[in-house]
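Coordinate inspection notes
Spelled out, the chains give:
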Amino acid sequence: MRCVFIVVLLMLAGCATAPSRVQNACAIFSEKGGLFGSWKRAAVKAEREYGVPVPILMATIYAESGFRPYARPPRTKLLGFIPWKRPSSAYGFAQAIDGTWESYKRSTGRWTASRTNFSDSVHFVAWYHRLSHQKNGIALNDPYRLYLAYHSGQEGYDRGAYRARPEAMSGARRTAQQAQRYAAQLRQCM
């Protein structure tokens, strides 16, 4: 009985950690490919449902959280050294903010979805990118513009708010490059 408990505990601990080789999509899917909670299966399912390619979904999550399930933006500092509030409610793999996450749950009926669950988060990213396609006319295979809409919001994207935010444009470039790398890797292992 004790061995069963230890095995279950180890399985659950593996679910709550980032993969060790986040630069390689094949390594990520190999490491997180168990019987329960297969990341590859979740990403492929999200791609089928929303039409957003797996490399773009993975690159978005990599850019947002580095595949860390409990990621949050760093706290601001009061008087330059006292930890203070966070700049947003972004949380989890997808760094989804509270209001958008609630909208996602209402829209999809996935009331028990959790931002710290990879399957839920990759589904969210696919759902959001699909909305950006519908609202902003961004191609589903355009990681650069999809990331700009993800980072700035769909209304912010329409206004061009990202133009005043160099971090958004550099993040979009990195995301597009990472999506290309993931695509090349996944051709070898999918």
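Now for a quick tour of the structure. (Residues numbered from 1 in each chain as written. Predicted model: local features only at pLDDT ≥ 70, side-chain atom pairs only at ≥ 80, totals over all residues. Heavy atoms only, no water.)

As a further point, take the overall build of the chain. Scanning the chain for helices and strands turns up 9 helices and 2 strands. The order of helices and strands in the chain, counted from the N terminus, is α-α-α-α-β-β-α-α-α-α-α. Taking the contacts inside the chain whose residues are at least 6 apart along the sequence as the reference set, 51% of them involve residues at least 24 apart. (Helix = DSSP H or I, 4+ residues; strand = E, 2+ residues; numbered from the N terminus. Contact = heavy atoms within 4.5 Å.)

Tallied over the full model, the rule gives 16 aromatic pairs. On the numbers, 5.2 Å between centres and 45° between planes, the contact of Trp101 with Phe124 is tilted. Note that Trp101 is positioned in helix α5 (residues 98–108) and Phe124 in helix α6 (residues 118–136), a separation of 23 residues in sequence. Note on accessibility: Trp101 and Phe124 belong to one class, buried. Taking the centre distance of 6.3 Å and the plane angle of 75° together, the rings of Phe124 and Tyr150 count as edge-to-face. Of this pair, Phe124 sits in helix α6 while Tyr150 sits in helix α7 (residues 143–152), placing them 26 residues apart in sequence. (Phe/Tyr/Trp six-rings, centres within 6.5 Å; stacked < 30°, edge-to-face > 60°. Buried < 20%, exposed > 50% of the residue type's maximum accessible area, 1.4 Å probe, protein only.)

A word on the nonpolar core. Within the largest apolar cluster, 47 residues are counted, with the highest numbers of intra-cluster contacts made by Phe29, Met58, Phe67, Phe118, Val122 and Phe124. Elements with a contribution of two residues or more to this core: α2 (25–31), α3 (39–50), α4 (54–65), α5, α6, α7 and α9 (166–189). Examining the composition of this core, we find that 8 residues originate from one element, α6, more than from any other. Those residues in contact with Met58, other than ones at most four positions away along the chain, are Ile28, Phe29, Ala43, Phe67, Phe118 and Tyr182. (Core = buried A, V, L, I, M, F, W, Y, C linked by side-chain atoms within 4.5 Å.)

Quick look at the layout of surface pockets now. Space inside the largest pocket adds up to approximately 580 Å³. Together, 25 residues line the largest pocket, and Glu64, Ala90, Gln95, Tyr150 and His151 are the ones closest to its centre. In terms of residues, the lining of the largest pocket owes the most to one element, α7, which gives 4 residues. Grouping the constituent residues of the lining of the largest pocket by class yields 12 nonpolar, 7 polar and 6 charged. (1 Å grid on protein atoms, 1.4 Å probe; cavity = no way out; pocket = protein on both sides within 12 Å on 5 of 7 lines; lining within 4 Å. Points joined across faces, edges and corners; volume = space filled by probe spheres on them. Nonpolar A, V, L, I, M, F, W, Y, C, P; charged D, E, K, R; others polar.)

Here we come to α4. Compared with an ideal rise of 1.5 Å per residue, which puts 12 residues at 16 Å, α4 spans 17 Å between its outermost C-alpha atoms and is within 8% of the ideal. Among the 12 residues that make up α4, 10 are buried, leaving the element largely enclosed by the rest of the structure. Every buried residue of α4 is accounted for by Val54, Pro55, Ile56, Leu57, Met58, Ala59, Thr60, Ile61, Glu64 and Ser65. Check the buried side of α4 and you find it contacts α2, α3, α6, α7 and α9. Where α4 terminates, the next one or two residues include Gly66, which has phi positive at roughly 65°. (Expected span 1.5 Å × (residues − 1).)

This brings us to the state of the cysteines. This model, assessed by the stated rule, comprises 1 disulfide. Each sulfur of the disulfide joining Cys26 and Cys189 lies 2.0 Å from the other. Measuring the twist about the S-S bond at about -90°, one finds the Cys26-Cys189 disulfide to be left-handed. Pair noted here: Cys26 is in helix α2 and Cys189 is in helix α9, with a separation of 163 residues, a long-range link. Judged by relative accessible area, Cys189 falls into the partly exposed class, the value being 33%. (Disulfide = S-S within 2.5 Å.)

Let us look at the side chain of Gln95. Among the secondary structure elements, Gln95 is positioned in the loop between β2 (82–83) and α5. Polar contacts involving the side chain of Gln95 include one to the main-chain carbonyl oxygen of Gly92, which spans 2.9 Å. Not counting chain neighbours up to four residues away, the residues in contact with Gln95 comprise Glu64, Ser65, Ala71, Arg72, Pro73 and Ala90. (Polar contact = N/O pair within 3.5 Å; in protein donor to acceptor, adjacent residues only side chain to side chain.)

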